[in-house]
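Fold and contact review
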Amino acid sequence: MRFPNKTIVAYLRQLYPSGTRVELIRMEDVQAPPVGTMGTVCGVDDSGSLMVHWDNGSGLNVIYGVDRCRKVGDLDEA
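Presented here is a report on the structure given in the accompanying data block. Residue positions within a chain follow its written sequence, with the count starting from 1. pLDDT decides what is reported in this predicted model: residues at 70 or higher carry local features, side-chain atom pairs at 80 or more are listed and counted, and totals for whole chains, interfaces and linings draw on all residues regardless. For the side-chain quantities, the full set of heavy atoms in the structure was used; hydrogens and water were omitted.

**What about the pattern of salt bridges?**
Selection criterion: Criterion for a salt bridge: a side-chain nitrogen of Lys or Arg within 4 Å of a carboxyl oxygen of Asp or Glu. Each helix is a run of DSSP H or I of at least 4 residues and each strand a run of E of at least 2, with the numbering of both proceeding from the N terminus. Here's how the labels work: a residue is buried when its accessible area is under 20% of the maximum for its type, exposed when over 50%, partly exposed in between, all with a 1.4 Å probe on protein chains only.
This model, assessed by the stated rule, comprises 4 salt bridges. Where Arg 70 meets Glu 23, a salt bridge forms, and the shortest distance between an N and an O atom there is 2.8 Å. Of this pair, Arg 70 sits in strand β4 (residues 68–71) while Glu 23 sits in strand β1 (residues 21–26); the two residues are 47 residues apart in sequence, bridging distant segments of the chain. With a relative accessible area of 23%, Arg 70 lands in the partly exposed category. Of the residues examined, Glu 23 reaches a relative accessible area of 18% and is grouped as buried. With a closest N to O distance of 3.9 Å, Arg 26 and Glu 28 form a salt bridge. Residue class for Arg 26 comes out partly exposed when judged on its relative accessible area of 37%. Overall, Glu 28 belongs to the exposed group, its relative accessible area being 58%.

Written out as structure tokens, the structure is:
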């Protein structure tokens, strides 16, 4: 796993402020929510991972450089 520098983390925090809605595209975890699960970003940690409250009750982070999600109403992925 690669860790982003401070500039990338700052950019991710601007791109995904608390309250941003996201949809899960891919998560490499046996306990991952199903693909397509929606959630709300509650922050970005120092490793660039999105901290998400998933609508199904899960709290797994979207790991920078490993997992994928997209902003709802946006074509970009993170």
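**What about the packing of aromatic side chains?**
For the record, the criterion: Only the six-membered ring of Trp is used, alongside the rings of Phe and Tyr, when aromatic pairs are assigned; centres must lie within 6.5 Å, and planes under 30 degrees apart are stacked while those over 60 apart are edge-to-face, with the rest tilted. A ring is scored as having a charge over it whenever the NZ atom of a lysine or the CZ atom of an arginine sits within 6 Å of its centre and within 35 degrees of its normal.
If you walk through the whole model with that rule in mind, you get 0 aromatic pairs. Over the face of the ring belonging to Tyr 16 we find Lys 71, whose NZ or CZ atom lies 5.8 Å from the ring centre.

**A word on the sheet that holds β1**
For the record, the criterion: When DSSP finds two or more bridges between a pair of strands, those strands are recorded as paired. To obtain an axis, a line is fitted to C-alpha atoms, over the contacting stretch when the element is a helix, and the angle between two such axes runs from 0 to 180 degrees between their N-to-C directions.
Taken together, 4 strands build an open sheet; the order of strands is β3-β2-β1-β4 and the sheet is antiparallel. The open sheet is flanked by β3 (50–54) and β4, the only strands paired with a single partner. Across the sheet, the mean angle separating the axes of adjacent strands is 50° when strand polarity is ignored. Bridge count between β1 and strand β2 (residues 38–44): 3 bridges; the pairing is antiparallel. Bridge pairing in β2 places Val 22 opposite Gly 39.

Structural measurements only, silent on function.
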